[in-house]
Structure formats: structure tokens, C-alpha cells
Amino acid sequence: MVIRHRARVAAERISRLPGVPCHPGTMPAVAALLLIVSLAGVTPASGPLHLGEVGLESPQGRQSWLDPTNVSGSPAVDSEAPALVVTGVGSAHIVWEEGDALYHAYQAAGSWSAPAPVATGEQPSLAVTPAGTVHLVFVNEIDDVYNLYYTRWDGDDWAQPPRKISDTGPFSDSPQLAAAADGHLHVVWTEDEQVYYGNSSDGLVWAYAPIAEGSAPTIGVDGAGAVQAAWQGEEGADYDVCFSRLEGYSWLPPLNVSDSSDDSTAPDLFVQSDGTPHLAWQEVMSATPRIRYSHGLGWTQTVTLSESGSGAYLPSLTIDAWGRRHAAWEDFAFPTYRIRHTSSGAGDPIWSPPATLAQGSSLAQQLREVSLYPGSDGTVHVAWVESEGGKGEVFYLRSRLYPIYLPLLAKQVGA
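Throughout this description, residue numbers start from 1 for each chain and increase along the sequence as written. With pLDDT at 70 or above as the cut-off, local features in this predicted model cover only qualifying residues; side-chain atom pairs require 80 or more to be listed or tallied, and sums for whole chains, interfaces and linings still use all residues. Where side-chain values are given, they derive from all heavy atoms of the structure, hydrogens and water being excluded.

Along its length, the protein carries one helix and 33 strands. Note on classification: 1.4 Å probe, protein chains only; a residue is buried when its accessible area is under 20% of the maximum for its type, exposed when over 50%, partly exposed between these limits. Here the protein holds 415 residues, and the buried ones make up 57% of them. The method behind every accessible area is Shrake-Rupley, applied with a 1.4 Å probe, and residues are considered shielded solely by the protein chains displayed. Carbon and sulfur atoms form 53% of the exposed surface of the protein, whose accessible area is close to 16500 Å². The helix count covers DSSP runs of H or I at least four residues long, the strand count covers runs of E at least two residues long, and both are numbered beginning at the N terminus.

Set out below in C-alpha cells:
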């Protein structure tokens, strides 16, 4: 599972990118270089949202949504690009951009901590291991060179200084981090229209190499530690969503999952523990951006999840502890921006009609950059940005679970 800043950056730049075909790069191997270095730069509300009436059935009972919380709480400064994870004990962590720094807040016992600075940087991506360790990869600029940096949360603070883990060129971009069950870390990012893949067993020593031409990568790991990735590449005059798996020390030739006649961009990948991949992406259909979905290594069926005639953008995809699939995205229905959500039971080809999770109160409020993450108890957690007048705030909500009451059977004794 990955949390993305990648789609916003890549999709906004797509009109300026040169052609990037959906085929492997020149170095399909896992590792061409090792890097061990310790460099870092460390720095010491908007209007209400209106929640839609939404609910769904789960194996635990009826699921609805709690009221949203403003996590960033900095109306004078632009907050954006939230990365979200939830630990096994249900503690949510969000890291976001604020000015030229990254800030962090976490939820414990139902309350959010005060935001605290992490480091200078942008484009955060989080992952959490089964042991509960929260890991962070982000981009930082030093002397006009953008590289990836890594740190971890020890329960009280972030390890300092963050460690530089890439040295691939002047503009490393769009990192996405995933953690395997054994604690290994896996990351993808782009550099000069190349998708790079890196891995580390401890966060200290990283191996990496280019794997394909493309941008906006996303990554997932199954229960056995097998790695899968997707990205947007160009086929002819249009972008398509490409997918590949790591086999041994090499990546398999990419598959064109979307294979559409118009642009398909901003993929988000979720890999189940059994290795089944799920993909959501943004695709132009009849001149309108839609949210599309497919799954399984055969990619035999693609469905359209969104219904907005004004367009739907930048999806986030997750699967909850009960196997129910969830997708969310941003769209615009005059005169307001909305965060929309749909879901489907495990193995059920029918998705629920899209419902509104959050909605701006006026045309001036934009809602964007939504991320989903599953809780171990079957809840679904959501983060997004609401902006007005160039100032964004990070909001959070989660689903509420209602218990199932099993019937009691009375038995007459001695009758």
C-alpha cells in the first residue's frame, strides 16, 4: 500500500513531459549502486466541510464516517501533500508539506498531537512495518539538487539527521515507499523520465537502479515480500498505465494495463497479501477525466468508478481488513469541490454508487490530494487538503464501525 503525493506532481506536469514509452529502461536489475551517507537539512482554518450521508455494510456491521478533524491547524500557511499511515494499534500518522518544511502529527487515544516539524523537504511518503515503526521518505533540495531522504519515527521523535538515499541526478521526484512484513523497505521515484527502484533492509544501506521509462510511480508488496510497481508511460501520443513485478533480481517486461486511446495517468497500486494487484487511475473518456479500476495479473476487466460529468481526478485506493475495496478521488460539481468515495465487497464486481465524504462550502474552497489507509480493525482512514485563497489545511476522518449483535438462543432445561 502506498500513499501518494506522486499523482499531483506528475499529473500537473504531464503536458510538459517528453515522451516516456511503456517499456523497460536500460537497467532492469535491482541494484547498480550502494549509497551510505548522512546529509540533511533540519529546521527547528478554513471554512467548514459538509459531509455527505454515506454508509456501507461490512462484516462488522454498518460503517459510516466520523466528523473531520483539521490536523494541520495553520490557516496562515499553506499545508499540502499529506501522507497517511495507520499502525496496527490504530494510531494514525500524517506528514505534510508546510512552507519549505515537513510537519508531522499523530493520533493517540482519539486525540491528535500538536503538529511538529520533521525536516526541510517536500513530497513525503510514509510506510509502516508490522512492528509499528513508521518510516518516511521525502525529497529535499540542497544546492539546487533534489534527492531522496529517509528517516523513521521512534515513538517520540524522528531520527536525525535524515539520511540521503538517492544520488541519481539533479531532480529526484515523486517518491513512494512501501514496507514488507519482514521490515524491508522498498521505494520508487523518478529522475529524468526514468522510474527508479530502491530497497533497504535497515534504512541505512540502500541499493537502487532504474527499471523503466515513465513517471508517477506507485509500489506495493505482498505478504511474501514480492514487489510490484506501476507508473504512467507514453504509448504513441497518449499516456498509459504500466505495471511490472520484480522476479529475482530483474523486473518483468511492463504490461500496459489501461491500453486506452486517451491519456491514462496518476495510478495508485494496492497489493493484497496473496499477491493480487489492484490499480486505480485517472483516464480521459469522451474528453472527461474518469476514475478507472482493474485488478489481477490478467487485468481482464476494467470498470469506471466515477460518474461526475465535470471530471474526477487523482484516485486513492485501499482494501480494508475485511477485503472490501475502497476508492476515493477529487471532483468538481458546480459550484463546489468534493471528495468522493465508493466501495465494493471482496469478489463483488459491483461498486457502490459514489458518495460524498467531504464537500467545500463555496466555489472558493478546493478539496484535493485525498489518501486512504486501512486500519487493522476494518476501519478506513482518510486524509485530504482543503484550500482557499492559496492556503491549504490538512483534514482527516475515519469510518465508524457499529458492532453486530449475535442472537441468543434460549434452551429449555429439564422440560
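Structure shown, so let's carry the discussion forward.
Once that is clear, we can look at the pairing of strand 27 (residues 312–319). Within strand 27, seven of the eight residues are buried, which leaves it mostly tucked inside the rest of the structure. Any two strands are treated as partners once DSSP identifies two or more bridges connecting them. Sheet topology places strand 27 next to strand 28 (residues 325–333); six bridges connect them, and they run antiparallel. What sits directly across from Tyr313, in strand 28, is Glu330. Joining the antiparallel neighbours strand 27 and strand 28 is a turn of five residues, in which Gly323 adopts a positive phi near 85°.

A word on the packing of aromatic side chains. Here a pair means two rings of Phe, Tyr or Trp (six-membered ring of Trp) with centres within 6.5 Å. Their orientation is stacked below 30 degrees between planes, edge-to-face above 60, and tilted elsewhere. Per the counting criterion, the structure on display carries 14 aromatic pairs. A centroid spacing of 5.5 Å and a plane angle of 55° characterise the contact between Trp153 and Trp158, whose relative ring orientation is tilted. Overall, the relative accessible area of 11% leaves Trp153 in the buried class. For Trp158, a relative accessible area of 4% gives the class buried. Ring centres of Trp384 and Phe395 lie 5.9 Å apart, and the angle between their planes is 15°; this geometry places the pair in the stacked category. Taken together, the residues Trp384 in strand 32 (residues 380–388) and Phe395 in strand 33 (residues 391–401) connect sequence positions 11 residues apart.

This part covers the pattern of salt bridges. Here, a salt bridge means any side-chain nitrogen of Lys or Arg that lies within 4 Å of a carboxyl oxygen of Asp or Glu. Under the criterion given, the structure shown has seven salt bridges. Note that Asp331 and Arg340 form a salt bridge whose closest N and O atoms lie 3.9 Å from each other. Taken individually, Asp331 and Arg340 each receive the classification buried, so the pair is uniform in this respect. A salt bridge links Glu369 to Arg368; its shortest N-O distance comes to 2.1 Å. Across the pair, Arg368 and Glu369 agree in class, each one buried.

Here we take up the pairing of strand 28. In terms of burial, strand 28 is a largely internal element, eight of the nine residues being buried. Judged from the nine bridges that link them, strand 28 and strand 29 (residues 336–344) form a sheet pairing that is antiparallel. When the sheet's bridge partners are listed, Arg325 is paired in strand 29 with Ser344. With antiparallel pairing between neighbouring strands as the criterion, strand 28 and strand 29 make up a hairpin whose turn holds two residues.

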